[in-house]
Amino acid sequence: MNILYDLISLQHAPTGGTEYIFCILNKLIEIAKENIHVFCLYTSAQDMPMFLISYLEEKKIETVDMSKIDLSDFVKNHNISVFYIGNAQTYYDCNLKNLSCKIIATCHDINELSLLYDKNFTSVARKKLEPQPHPYIQKIKEFIKYFLHIFIERKYERYVTKKYKKLEVMLNNKNLYLITVSEYSKQALLYHFDDIANPITVLSPPHKIVAQNKKECITNTNLKDFIASKKRYFLLVSCTRFHKNAALFAEIWDKFCKVTNNTYYAVLIGDIQIQKTNILQLPYLNDFDLEVAYKNAFCLVYPTVAEGYGYPPMEAMKYGIPCICSNVTSLPEIYGDGSTIQFSPYYPEDLFRAMMYFLSHTEEYKVKANEKYKSLAKKQEEDTNTLVQMIVA
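Residues numbered from 1 in each chain as written. Predicted model: local features only at pLDDT ≥ 70, side-chain atom pairs only at ≥ 80, totals over all residues. Heavy atoms only, no water.

The next subject is the overall build of the protein chain. Regarding its fold elements, the protein chain presents 14 helices and 13 strands. A buried classification covers 51% of the 393 residues belonging to the protein chain. Considering only intrachain contacts with a sequence separation of at least 6, the fraction spanning at least 24 residues in the protein chain is 69%. Surface summary for the protein chain: the accessible area is close to 19,400 Å², and the carbon and sulfur share equals 53%. (Helix = DSSP H or I, 4+ residues; strand = E, 2+ residues; numbered from the N terminus. Buried < 20%, exposed > 50% of the residue type's maximum accessible area, 1.4 Å probe, protein only. Contact = heavy atoms within 4.5 Å. Areas by Shrake-Rupley, 256 points an atom, 1.4 Å probe, with all protein chains shown as cover.)

As structure tokens, this is what we get:
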């Protein structure tokens, strides 16, 4: 059996989706036998992450350059039985109708489309996270930004609309079988797209593979010193991505510090600018340092407004760290059983309420975090095996 596996989606910026794709590949290679051969599809038009180059060399996996082949001919000439696509949106502009093999594609979410409903969200979030200049300069900048915003927003809307119309055409292929990671994502797809050829299967994403750090040493010196200080901190991750909504946390932080006598701190990961007390801002961390940040946190705060599944709460719960997370999109489905404290990501006072409530229920939510992680990890393992079996069936 010959399988063509999508690596092009892995060549994009790292996200929960790219971790998913790598995990499935690793699992597939583990079970591959003499009668299963895996070709990995990449493109030389984009850089390949170093970890992936090392992995492919170590496992002796055969690669195929998309920019140098006709995909339909390759599938036919190499008797490909299954083509697995790790992120459906990566191939929205490709013609897959002529492929003679079965196609299995994962669509993690359609957040780009969903966020068009809240047109001002990104610009408002960005404005709150940027340092503010002198008032007169600010007025001039706002005047210019108004016209730029209109132009950029409309251009972006046209791009997203066109992209997802093409994606719907792709999903109408009779030989394409769609996987998604939550019931929310499934219903979002069914809401937006009328022409999906086959039933959608919901499978939890695989458990994240954490790269080993043989020296067990924190690379980021600011994080290392902060951990050594034993300060209790609220952790926010992926703050550069504005729909993760760090702006809401910044909105309530001064008030929270005031009523708690500056007892607590916050660690924000991502390239943003927030000039506030008791906050440590860090760039994106390597896998080991990120695990250390999770492990030593007092609590994870996750105010996202758009999520297909939502890895970070689970990554924190792995260490028994309680979570305060938003109550929209997929999060009530995954974490809305009382294992987390939930709040509306559109109201700062509701996040303030959730954080104050947590302070008087900390130990209770540590226990809940441990229990929830076990059940989620078990389902992830079962669903990962199910997906791999679908690919090799």
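Within the open sheet, the 6 strands sit side by side as β10-β9-β8-β11-β12-β13. Their pairing is parallel. For this open sheet the edge positions go to β10 (279–282) and β13 (341–343), each flanked by a neighbour on one side alone. For this sheet the average axis-to-axis angle between neighbouring strands, irrespective of direction, equals 20 degrees. The strands that helix α8 (residues 221–228) touches are β8 (233–236), β9 (265–269) and β10; relative to β10, the one it contacts most, it runs at about 150 degrees. Contacting β8, β9, β10, β11 (299–302) and β13, helix α9 (residues 246–259) runs over the sheet at an angle of about 165 degrees to β8. (Pairing = 2+ DSSP bridges. Axes fitted to C-alpha atoms, helices over the stretch in contact; angles between N-to-C directions.)

Of the two faces of β8, both are covered, the one formed by Y233 and L235 as well as the one formed by F234 and L236. Handedness of the β-α-β unit built from β8, α9 and β9 comes out right-handed. Where β8 lies against β11, 2 bridges are found, and the strand directions are parallel. Bridging across to β11, F234 finds its partner in C299. (Right-handed = clockwise from strand over helix to strand, strands pointing away.)

What follows is about the sheet that holds strand β2 (residues 37–42). Here 7 strands make up an open sheet; going across it, the order is β3-β2-β1-β4-β5-β6-β7 and the pairing parallel. Two strands lie at the open edges of the sheet, namely β3 (62–65) and β7 (201–202), each paired on one side alone. Where strand β1 (residues 2–6) and strand β4 (residues 80–85) come together, 4 bridges link them in parallel fashion. In the sheet register, I3 faces β4, and the bridge partner there is V82. On the sheet, helix α7 (residues 183–192) packs against β6 (176–180) and β7 and is oriented at approximately 135 degrees with respect to β6.

So, about the side chain of Q89. Here Q89 is to be found in the loop between β4 and β5 (102–106). A distance of 2.7 Å separates a polar atom in the side chain of Q89 from the backbone oxygen of D109. With near-sequence residues (within four places) excluded, Q89 lies in contact with C107, D109, I110, K163, Y164 and L167. (Polar contact = N/O pair within 3.5 Å; in protein donor to acceptor, adjacent residues only side chain to side chain.)

Glancing now at the nonpolar core. Within the largest apolar cluster, 63 residues are counted, with the highest numbers of intra-cluster contacts made by Y5, Y20, L235, Y335, L387 and I391. Those residues within four positions of I391 in sequence are excluded, and the remaining contacts are M1, I3, I24, L28, V82, Y84 and I104. Core analysis: the next-biggest nonpolar cluster, separate from the first, contains 35 residues, L4, M66, Y164 and F193 among them. (Core = buried A, V, L, I, M, F, W, Y, C linked by side-chain atoms within 4.5 Å.)

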